[in-house]
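Structural overview for review
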Amino acid sequence: MDNDVLRQAPLFSALDDEAATALSNSMAETKLRRGDVLFHEGDSGDRLYVVLDGKVKLGRSAADGRENLLAVMGPGQMFGELSLFDPGPRSATVTAVTDASFASLSHEDLLRWLEGRPTVARSLLSQLASRLRKSNDVVADLVFSDVPGRVAKALLDLADRFGRSADDGVHVHHDLTQEELAQLVGASRETVNKALADFASRGWIRLEPRSVVIMDIERLGKRAR
Ligand code: CMP
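Residues numbered from 1 in each chain as written. Predicted model: local features only at pLDDT ≥ 70, side-chain atom pairs only at ≥ 80, totals over all residues. Heavy atoms only, no water.

Going by the annotation in an unreviewed UniProt entry, the name recorded for the protein chain is CRP-like cAMP-activated global transcriptional regulator, with Nocardioides daphniae given as the source organism.

Listed below in structure tokens is the structure:
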């Protein structure tokens, strides 16, 4: 198991090397192929996961079949804790968008681990709080921002986590289809494609299959505001 990646997860951030090794030894490794589902919204769940490699999408479906993506996560990010802290069914379906591997810990082991470790509990609370903040921003953007503004914001968020700087701009290999990008933004594929094409025609971005190169991050940032 890749300890360097694990240590980026909030669960590990407050641990010294010895404690981090002990915790990682009690975790199991799971691998998925691209397109595989780890669990479905509504399932009962008893494990928390840290992404070691690859990317996953966390999605919800409406009764009419439409889908919305809550988040895309990559190495070092953690999910599956809500059904522990607020016992109930899984709140999202987790699907691999690339081949991916995960370290997982049972909720029972996690609770035992948190006993007498308030700093670790605080890191988890801090992650929950920051997710709530982000969800509030998403709701506000759905109400106050137009689709191009939301697309610009989504690209910058993906760049933050998956971007790599090069001479011609920031290369963001997000691994999402245009349909998935639209589900992440909460708009139709046509409207999102129009916004992307407009950004590309202005020279702010270059579109590539499952990735984008951001050439003018400043202009994109202004459009996101
Ligand atoms: P759980 O409900 O156990 O399973 C689905 C997981 O998705 C959930 O725990 C959280 O870890 C994660 N999740 C749910 N909503 C969001 C969100 N808005 N942003 C990021 N992650 C989320």
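Further notes follow.
In this section: the domain arrangement of the protein chain. What the domain assignment lists for the protein chain is domain 1 (3-141) and domain 2 (146-224). Counting from both sides, the interface comprises 15 residues of domain 1 and, opposite them, 14 residues of domain 2. Summing both sides of the interface, domain 1 and domain 2 together bury roughly 1300 Å²; the carbon and sulfur share of this comes to 50%. It is Leu-69, Val-72 and Asp-141 in domain 1 that bury the most area against domain 2; as a group they hold 40% of the surface buried on that side. (Domains from an automatic or database assignment. Contact = heavy atoms within 4.5 Å. Buried area = accessible area lost by both parts, 1.4 Å probe.)

With that settled, consider the pairing of strand β4 (residues 56-61). The pairing of β4 with strand β5 (residues 67-73) spans 6 bridges and is antiparallel. Note that in β5 the partner of Arg-60 across the bridge is Asn-68. Across 4 bridges, the pairing between β4 and strand β7 (residues 93-96) is antiparallel. Bridge pairing in β7 links Gly-59 to Thr-93. (Pairing = 2+ DSSP bridges. Helix = DSSP H or I, 4+ residues; strand = E, 2+ residues; numbered from the N terminus.)

This next bit is on the environment of Asp-168. Mapped onto the fold, Asp-168 is located in the loop between β9 (163-166) and β10 (169-172). Judged by its relative accessible area of 34%, Asp-168 is partly exposed. Sequence-wise, Asp-168 and Val-213 are 45 residues apart; in three dimensions their C-alpha atoms are separated by 8.0 Å. In this structure Asp-168 touches Arg-206, Val-213, Ile-214 and Met-215, once residues within four positions along its chain are discounted. Polar side-chain contacts of Asp-168 include one of 3.2 Å to the side chain of Arg-206. (Buried < 20%, exposed > 50% of the residue type's maximum accessible area, 1.4 Å probe, protein only. Polar contact = N/O pair within 3.5 Å; in protein donor to acceptor, adjacent residues only side chain to side chain.)

Near the ligand lie 15 residues; those nearest to it are Gly-80, Glu-81, Ser-83, Arg-90 and Ser-91. Between the ligand and Leu-82, the relevant distance is 3.2 Å, taken from an oxygen atom to a main-chain nitrogen or oxygen of the residue. A distance of 3.4 Å separates an oxygen atom of the ligand from a polar atom in the side chain of Arg-131. Protein contact buries 90% of the 450 Å² of open area that the ligand shows by itself. Going through the elements one at a time, β5, α4 (82-85) and α6 (118-144) are the ones with two or more residues in the shell around the ligand. Ranked by residue count, the leading element in the shell around the ligand is β5, at 3 residues. Its residues assigned to classes, the shell around the ligand shows 8 nonpolar, 4 polar and 3 charged. (Near = heavy atom within 4 Å. Areas by Shrake-Rupley, 256 points an atom, 1.4 Å probe, with all protein chains shown as cover. Nonpolar A, V, L, I, M, F, W, Y, C, P; charged D, E, K, R; others polar.)

Within the sequence span of helix α3 (residues 17-25), burial applies to Ala-19, Ala-20, Leu-23 and Ser-24. The arc that holds every buried residue of α3, seen down its axis, measures 130°, which confines them to one face. Those residues of α3 that are exposed and angled more than 90 degrees off the buried face are Asp-17, Glu-18 and Asn-25. Residues of α3 that are buried make contact with α1 (3-6), α2 (10-13), β8 (100-106) and α5 (107-114). (Arc of directions from axis to C-beta.)

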